[in-house]
Amino acid sequence: MPELPEVETIRAQLARRLEGRTLARVDILDPRLTRPFDLFEVAEELEGDRVEAVERRGKYLVFRLESGLALLVHLRMTGSFGFGPASHERAVLELDDGARLVYRDVRRFGTWLVLEGAELDPYLAGRNGPEPLGPRFTAEWLTGRLAVRRAPLKPVLLDQRVVAGLGNIYADEALWRARINPMRPASSVAPPEVARLHRAIRAALRAGIERQGSTLRDYAAPDGSAGAMQEEFRVYGREGLPCSRCGTPIAKARVGGRGTWFCRRCQPLP
């Protein structure tokens, strides 16, 4: 599933092409995309409107429209945008400059939702904590969220209400940077360790954005380019390979139902 760096890369590329453009024609081809709302009604709401801004909130793309409406897109596992013909097309946006933006989704888990402007912020706030690269995401705030959770640390970090936009890849990379074991109870992480984790989360996400995300299976940016973060992974997907810090073979376990990679020596259990 695209995580914050991948979604931010998509947002930046779409903003350059869509902001100021009018949606001349909207064809939604898959009823699952807008369920439970009728696809024709959603297309009619969007058609003829002008895109004022393309934003990101956590893993959501937010298309703010001149009418005051907002189109909220969650890519889920295999959703993507592109400006060329594609297989598994689920929706097509034709712009007033003649460009054709295609939404592709092989597994059909992605969602499109149109909201009134006043509904948008409450909807997103109920599903996302503060942006991890923004000023509201502080070590003190993270300490408070972890202190009340007894579950293993890794799945707590994947809770979007704790760290918006963080997913499996960058959680593993951040925990390795912070030298913290992903299986520790969240409440056992002391404030100095949380401060280290806070810095590590930001560093891992910034590294991902700088490299335009990681391309493993389905992800590609709208211009067709691939991300390069997978070339910089320290633990994710590297089971059996030597840790770049200490040389110990990277281990893999299932934590909270998710594949999790870590170094037993650098990230020991207390």
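Just so it is clear, the structure is predicted and the values come from calculations on it, not from any experiment.

K.L.:
So, the sheet that holds strand β5 (residues 79–82): which residues are in play, and what are the values?
P.N.:
Strand order across the open sheet formed by four strands is β1-β6-β7-β5, with antiparallel pairing between neighbours. Each edge of the sheet is formed by a strand with only one pairing partner; in this case those strands are β1 (23–28) and β5. If you compare each strand with its neighbour and ignore which way they point, the axes differ by 15° on average. With five bridges joining them, β1 and strand β6 (residues 89–95) adopt antiparallel strand pairing. Counted as the bridge partner of I28 is A91 from β6.

K.L.:
Quick rundown of the packing of aromatic side chains? Include the residues and the values.
P.N.:
Scanning all chains against the criterion turns up seven aromatic pairs. Ring geometry for F81 and W112: centres 6.3 Å apart, planes at 25°, overall stacked. Here F81, found in strand β5, pairs with W112, found in strand β8 (residues 111–116); they are 31 residues apart in sequence, far enough to count as distant. For F81, a relative accessible area of 4% translates into the label buried. You can call W112 buried: its relative accessible area is 3%.

K.L.:
Residue-level account of the packing of helix α1 (residues 4–18) against helix α7 (residues 191–210), with values.
P.N.:
In the contact formed by α1 and α7, the axes pass within 8 Å of each other and the chain directions differ by 40°. If you check the angle between α1 and α7, you find them oblique. The interaxial crossing formed by α1 with α7 has right-handed handedness. Within the contact between the two elements, α1 uses L4, P5 and E8 and α7 uses L205, G208 and I209. A breakdown of the residues in the contact of α1 with α7 according to their chemical character gives four nonpolar, one polar and one charged.

K.L.:
Explain unusual backbone geometry to me, using residue names and the numbers behind them.
P.N.:
Cis geometry marks the peptide bond from R35 to P36; its omega dihedral reads 10°. Structurally, P36 can be placed in the loop between β1 and α2 (39–46). You will see that R76, though not glycine, has its phi angle at about 55°, which is positive. The residue R76 is located in the loop between β4 (69–74) and β5 in this model. In the Ramachandran plot, Q212 falls in the positive-phi region, its phi being about 60° despite a non-glycine side chain. Relative to the elements of secondary structure, Q212 occurs in the loop between α7 and β9 (251–255).

K.L.:
Outline the side chain of R11, supporting the account with residue identities and numerical values.
P.N.:
Mapped onto the elements of the fold, R11 is located in helix α1. In contact with R11, not counting residues within four places along its chain, are V54, E55, R56 and L61.

K.L.:
Explain the sheet that holds strand β3 (residues 60–65) to me, and be specific about the residues and the numbers.
P.N.:
Read from one edge to the other, the open sheet built from four strands follows the order β2-β3-β4-β8, with strand pairing classed as antiparallel. On the outer flanks of this sheet lie β2 (51–57) and β8, each paired with one strand and no other. Across the sheet, the axes of successive neighbouring strands diverge by a mean angle of 20°, strand direction being ignored. Where β2 meets β3, six bridges bridge the pair, whose relative direction is antiparallel. Bridged to V51 within β3 is L65. Sheet strands in contact with α1 are β2 and β3, and its direction is about 175° off that of β2. Sheet strands touched by helix α3 (residues 117–125): β2, β3, β4 and β8. Its angle to β8, the strand with the most contacts, is close to 125°.

How each quantity is defined
Residues numbered from 1 in each chain as written. Predicted model: local features only at pLDDT ≥ 70, side-chain atom pairs only at ≥ 80, totals over all residues. Heavy atoms only, no water. Pairing = 2+ DSSP bridges. Helix = DSSP H or I, 4+ residues; strand = E, 2+ residues; numbered from the N terminus. Axes fitted to C-alpha atoms, helices over the stretch in contact; angles between N-to-C directions. Phe/Tyr/Trp six-rings, centres within 6.5 Å; stacked < 30°, edge-to-face > 60°. Buried < 20%, exposed > 50% of the residue type's maximum accessible area, 1.4 Å probe, protein only. Parallel < 35°, antiparallel > 145°, perpendicular 65-115°, else oblique. Left-handed = near helix turned anticlockwise from the far one by under 90°. Contact = heavy atoms within 4.5 Å. Nonpolar A, V, L, I, M, F, W, Y, C, P; charged D, E, K, R; others polar.

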